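# Architecture at a glance
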Amino acid sequence: MELILRKAEPQDLAALDQVMLVISDNKADPEKAAALLRHISGDPQKYLLVAVDPETGTLCGSLLGVVFEDICDTCRPILLVENVAVLEAYQGKGVGRRMFQEVERWAKEEWDCHYEILVSGNQRTGAHQFYRALGFDEVKGFKKYL
């Protein structure tokens, strides 16, 4: 399947909100989402990636990559991936795999990241099978809401 992979733009917000409903129960506040997109776009260590079907113009997937520093060993940065979502009609068509390839390319070429951490909700067991197929190991962590 052909895809356009690029950074999210302000005109993507409504479609991005629909994609995020794959992993969230509620739509985002439009004003807060617009401000957050401006903030992310201005931070070179963040990549809000969208996948667009060029045949239909449908924004069909998204993920957020964040690079952060690591102060041990070689001090090379780490890539954190969060908010991975693909519209149900596009699941199983390579969209997720292509998005991971793109964000990993960016992290290696632009930042020299040496490993990747993925955050995913415990209930997303189908997605976890996909992540394992990409080479991720499932590790339980700790979470505390502030």
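Shown above is the structure to which this text applies.
What this report covers is the structure whose coordinates are included nearby. (Residues numbered from 1 in each chain as written. Predicted model: local features only at pLDDT ≥ 70, side-chain atom pairs only at ≥ 80, totals over all residues. Heavy atoms only, no water.)

## Quick look at the pairing of strand E2 (residues 46-53)
Among the eight residues that make up E2, seven are buried, leaving the element largely enclosed by the rest of the structure. Of the strand pairs in this sheet, E2 and strand E3 (residues 58-68) are connected by eight bridges, and their pairing is antiparallel. Bridging from a neighbouring strand, Tyr47 pairs with Gly65 of E3. A loop of four residues connects E2 with E3, the two strands running antiparallel in sequence, and Gly57 in this loop sits at a positive phi of about 80°. (Buried < 20%, exposed > 50% of the residue type's maximum accessible area, 1.4 Å probe, protein only. Helix = DSSP H or I, 4+ residues; strand = E, 2+ residues; numbered from the N terminus. Pairing = 2+ DSSP bridges.)

## As for helix H3 (residues 95-111)
In this model, H3 (17 residues) spans 24 Å end to end at C-alpha, consistent with the 24 Å of a helix rising 1.5 Å per residue. Among the residues making up H3, those that are buried are Val95, Gly96, Met99, Phe100, Glu102, Val103, Trp106 and Ala107. Along the axis of H3, the buried positions cluster into a sector of 165°, meaning they face one direction only. Exposed side of H3, more than 90 degrees from the buried face: Lys108 and Glu109 are the residues found there. Just beyond H3, the residue with positive phi is Asp112, at close to 60°. (Expected span 1.5 Å × (residues − 1). Arc of directions from axis to C-beta.)

## Side note on the nonpolar core
Counting residues in hydrophobic clusters, the biggest one holds 23 residues, and the most contacted among them are Leu63, Leu79, Val81, Val84, Val95, Met99 and Phe100. Counting residues per element, the ones that place at least two in this core are E2, E3, strand E4 (78-86), H3 and helix H4 (125-133). In terms of residue count, the dominant contributor to this core is H3 (six residues). When near neighbours in sequence (up to four residues on either side) are disregarded, Leu79 contacts Gly65, Val66, Val67, Val103, Glu104, Trp106, Ala107, Cys113, Tyr115, Glu116 and Ile117. (Core = buried A, V, L, I, M, F, W, Y, C linked by side-chain atoms within 4.5 Å. Contact = heavy atoms within 4.5 Å.)

## Focus: unusual backbone geometry
Among all residues save glycine, negative phi is the norm, and among peptide bonds the norm is trans. Even without being a glycine, Cys75 presents a positive backbone phi close to 60°. Position of Cys75 relative to the elements: it lies in the loop between E3 and E4. Under the relative-accessibility criterion, Cys75 is labelled partly exposed at 48%. One non-glycine residue, Asp112, adopts positive backbone phi at about 60°. We classify Asp112 as partly exposed; its relative accessible area is 42%.

## Here we look at helix H1 (residues 13-20)
Three or more residues of H1 are buried, namely Leu16, Asp17, Val19 and Met20. Down the axis of H1, the buried side of the element spans an arc of 160°, and every buried residue falls inside it. Tucked inside the fold, the buried residues of H1 contact E2, E3 and E4.

## Considering the sheet that holds E4
Adjacent strands of a sheet pair through backbone hydrogen bonds, lying either parallel or antiparallel. The five strands lie next to each other as E1-E2-E3-E4-E5, forming an open sheet whose pairing is mixed. The open sheet terminates on both sides in strands that have one partner only, identified here as strand E1 (4-7) and strand E5 (115-118). Between one strand axis and the next, the sheet turns through 25° on average, direction left out of account. On the sheet, H1 packs against E2, E3 and E4 and is oriented at approximately 85° with respect to E3. Sitting on the sheet, H3 is in contact with E1, E2, E3, E4 and E5, with an inclination near 160° to E4. (Axes fitted to C-alpha atoms, helices over the stretch in contact; angles between N-to-C directions.)

## What to know about the side chain of Asp12
Along the chain, Asp12 falls in the loop between E1 and H1. Non-local contacts of Asp12, meaning those with residues more than four positions away in its chain, are made with Arg6, Lys7, Val50 and Leu59.

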